[in-house]
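Below are the chains, spelled out letter by letter.
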Amino acid sequence: MDKNKTITKRNPWLWIPTLYFAEGIPYFIVNNISVLMLAKMGVPNGDMALFTSLLYLPWTIKPFWSPFVDIIKTKRWWVLGMQLIMSAAFILLTLSMPKPDAAMIASGQTPISMFYVTLILFVITAFASATHDIAADGFYMLALTQKNQAAFVGIRSTFYRLASIFGQGVLVYIAGVVETTTHNIPWSWQVTMIVSAVLFSGVTLYHTFAVPRPAEDRPHIPEDGKKVGAAQILSEFGQSFATYFKKPGLWLAIAFMLLFRLPEAFLIKMCTPFLVAAKEVGGLALSTEEVGIVYGTIGVLFLTIGGILGGIFASRIGLKRSIWWMAACMTLPCLTFVYLAMYQPDSVVAISIAVAVEQFGYGFGFTAYMLYMI
């Protein structure tokens, strides 16, 4: 009992920063790095956009299986289990990376069929990551007192943003440096996946010792040695599911959550291919390193600033009065990409400013979405 108390009271600084860093890394690898990787490998934009858009599905539909995370096992078990699955998936990605030749890549007609194994591993990572999100956020509520929950909410957000910078900035920059040095695009992305696999596996190993075991972290179906039947599990799931859909105004809320981010959803999958595509086909011809700096670092920085200022703005005048301003900020910055597409500026500074405006608007507007969900 004393041992459990000691583990329960473990310093939150030892695990919250790494937990939310680990929450962000798979998300950005699956939803952002996959797009740039397939574009650089010469996969046609239509195929790339279709298949990578489907990869976002697990995060959209995760409420449908979230009750299982409450019913079966502990939140800690789910957190570590999903991290183990994602570590294995990243290792397999490094081993199974397709290697189209330079001529095929240059033609822009690399068949998506070459990447079926890669896409399957991304799908596994996506479902594991979405499940990890459910468990990690629930574990955060169980492992901390209300006072610490409030104290560390900014810390978890900061380290999630750092994961964004690492995933969209550092990893992309590494791929660009390797590509420039070796002139071997498949190898550059294989190196990137190796770095991701080593880092994430190390974090997973660390969490097996660092993540506490709070006494409150118990499954809804107690593990008392009795065999739990499928009927009992389905009954618990049905009750949770029914309770969810009895919430007042649910369908209006679902419509809001699906439509509020629609402008950004149209933009996000084609943004990176547009940045790296040649001028002759309508792109901006940025190098992979420049994308890592412009979109993965400057863009994320202004996304964060927009989110902070959006929170201050909403707290001053209230969500009801601020939501229309924030909705405009989700839509209007997309016009910066209309400008970039029409004029195709050569200046990296001009492109960086446009991306900064777009990401600032998204960060500012997305605050309304988060507050509405809360």
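Since we're looking at a predicted model, the values are computed, not measured. (Residues numbered from 1 in each chain as written. Predicted model: local features only at pLDDT ≥ 70, side-chain atom pairs only at ≥ 80, totals over all residues. Heavy atoms only, no water.)

A word on the overall build of the protein. Scanning the protein for helices and strands turns up 17 helices and zero strands. Relative to the compact-globule value of 21 Å for 374 residues, the protein shows a C-alpha radius of gyration of 22 Å, a close match. Projected onto its principal axes, the C-alpha positions of the protein cover 65 × 50 × 40 Å. Expressed as a percentage of its 374 residues, the buried residues of the protein come to 47%. Split by element, the accessible area of the protein, about 18400 Å² in all, is 70% carbon and sulfur. Taking the average place of the 25 positive charges on the side chains of the protein and the average place of its 19 negative ones, the gap between the two points comes to 12 Å. (Helix = DSSP H or I, 4+ residues; strand = E, 2+ residues; numbered from the N terminus. Rg over C-alpha atoms; globule rule 2.2 N^0.38 Å. Buried < 20%, exposed > 50% of the residue type's maximum accessible area, 1.4 Å probe, protein only. Areas by Shrake-Rupley, 256 points an atom, 1.4 Å probe, with all protein chains shown as cover. Lys, Arg positive; Asp, Glu negative; His and termini not counted. Charge placed at Lys NZ, Arg CZ, Asp CG, Glu CD.)

What follows concerns unusual backbone geometry. A positive phi angle, near 60°, is found at Lys-73, a position not held by glycine. With respect to the element layout, Lys-73 can be found in the loop between α5 (66-71) and α6 (75-96). Positioned with a positive phi, Gln-344 is a non-glycine residue whose angle comes to about 40°. Its place among the elements puts Gln-344 in the loop between α16 (335-343) and α17 (348-373). The class of Gln-344 is partly exposed, set by a relative accessible area of 23%.

Across all of its chains, the model carries 18 aromatic pairs by this definition. Arranged with centres 5.3 Å apart and planes meeting at 75°, the rings of Trp-15 and Phe-139 form a pair that is edge-to-face. Taken together, the residues Trp-15 in the loop between α1 (2-8) and α2 (16-40) and Phe-139 in helix α8 (residues 116-143) connect sequence positions 124 residues apart. When its relative accessible area of 1% is taken as the criterion, Trp-15 is described as buried. (Phe/Tyr/Trp six-rings, centres within 6.5 Å; stacked < 30°, edge-to-face > 60°.)

Over its 37 residues, helix α9 (residues 146-182) extends 52 Å from the first C-alpha to the last, a length consistent with the 54 Å expected when each residue adds 1.5 Å. At Phe-152, α9 shows its largest bend, some 40°. Among the residues trailing α9, His-183 stands out with phi positive, at a value near 55°. (Expected span 1.5 Å × (residues − 1). Bend = angle between axes of the 7 residues up to and from the residue.)

What follows deals with the pattern of salt bridges. In the structure shown here, the tally under the stated rule is five salt bridges. Among the ionic pairs, Lys-62 bridges to Asp-133, the shortest N-O distance being 3.7 Å. Here Lys-62, found in the loop between α4 (57-61) and α5, pairs with Asp-133, found in helix α8; they are 71 residues apart in sequence, far enough to count as distant. Take Asp-133: its relative accessible area is 6%, and that puts it in the buried class. (Salt bridge = Lys/Arg side-chain N within 4 Å of Asp/Glu carboxyl O.)

Among the secondary structure elements, Pro-111 is positioned in the loop between α7 (102-107) and α8. For the pair Pro-111 and Leu-54, spaced 57 residues apart in the sequence, the C-alpha separation amounts to 18 Å.

Before going further, it helps to examine helix α14 (residues 288-317). Over its 30 residues, α14 extends 41 Å from the first C-alpha to the last, a length consistent with the 44 Å expected when each residue adds 1.5 Å. Considering bend angle alone, the principal kink of α14 is centred on Gly-299 and spans about 30°. Just past α14, the residue Gly-318 takes up positive phi, approximately 90°.

The next subject is a nonpolar patch on the surface. A surface patch of nonpolar side chains, about 490 Å² in accessible area, is lined by Leu-301, Phe-302, Ile-305, Ile-308, Leu-309 and Ile-312. Along the chain, the position of Phe-302 falls in helix α14. Relative accessible area serves as the criterion here: at 31%, Phe-302 is assigned to the partly exposed category. (Patch = residues over 30% accessible without salt bridge, like charges linked within 9 Å, V, L, I, M, F, W, Y side chains within 5 Å.)

So, on to the packing of α2 against α8. Where α2 meets α8, the axes come as close as 10 Å, and the angle between the chain directions of the two elements is 155°. As the angle between them shows, α2 and α8 are arranged roughly antiparallel. Relative to α8, α2 is oriented so that their crossing is left-handed. Residue-level contacts link Ile-16, Leu-19, Tyr-20, Ala-22, Glu-23, Pro-26, Tyr-27, Ile-29, Val-30, Ser-34, Met-37 and Leu-38 of α2 to Thr-118, Leu-119, Phe-122, Thr-125, Ala-126, Ser-129, His-132, Asp-133, Ala-136, Asp-137 and Tyr-140 of α8. In terms of residue class, the contact of α2 with α8 is made up of 15 nonpolar, five polar and three charged. (Axes fitted to C-alpha atoms, helices over the stretch in contact; angles between N-to-C directions. Parallel < 35°, antiparallel > 145°, perpendicular 65-115°, else oblique. Left-handed = near helix turned anticlockwise from the far one by under 90°. Contact = heavy atoms within 4.5 Å. Nonpolar A, V, L, I, M, F, W, Y, C, P; charged D, E, K, R; others polar.)

This paragraph deals with the confidence of the model for the protein. For residues with low pLDDT, the predicted coordinates do not support detailed interpretation. Summary statistics for the protein give a mean pLDDT of 86 and a share of 90% for residues scoring 70 or more. Predicted confidence is poor over residues 1-8, with pLDDT under 50, and the contacts of this stretch with residues over four places away or in other chains come to eight contacts. (pLDDT = per-residue confidence, 0-100.)

Topologically, Asn-32 is positioned in helix α2. Using a relative accessible area of 13% as the deciding quantity, one classes Asn-32 as buried. If we ignore the near neighbours within four places in the chain, the residues touching Asn-32 are Tyr-27, Gln-168 and Tyr-295.

Here we come to the nonpolar core. As a rule of thumb, nonpolar side chains are buried together in soluble globular proteins. Judged by nonpolar contacts, the single largest core of 76 residues is most densely connected at Trp-189 and Leu-275. A per-element tally of this core places α2 first, with 15 residues. Residue contacts for Trp-189: discarding those within four places in its chain leaves Ile-33, Leu-36, Met-37, Lys-40, Met-41, Met-97, Ala-175 and Thr-288. Listed in part, the twelve residues of the second largest apolar core include Phe-260, Ala-314, Ile-323 and Met-330. (Core = buried A, V, L, I, M, F, W, Y, C linked by side-chain atoms within 4.5 Å.)

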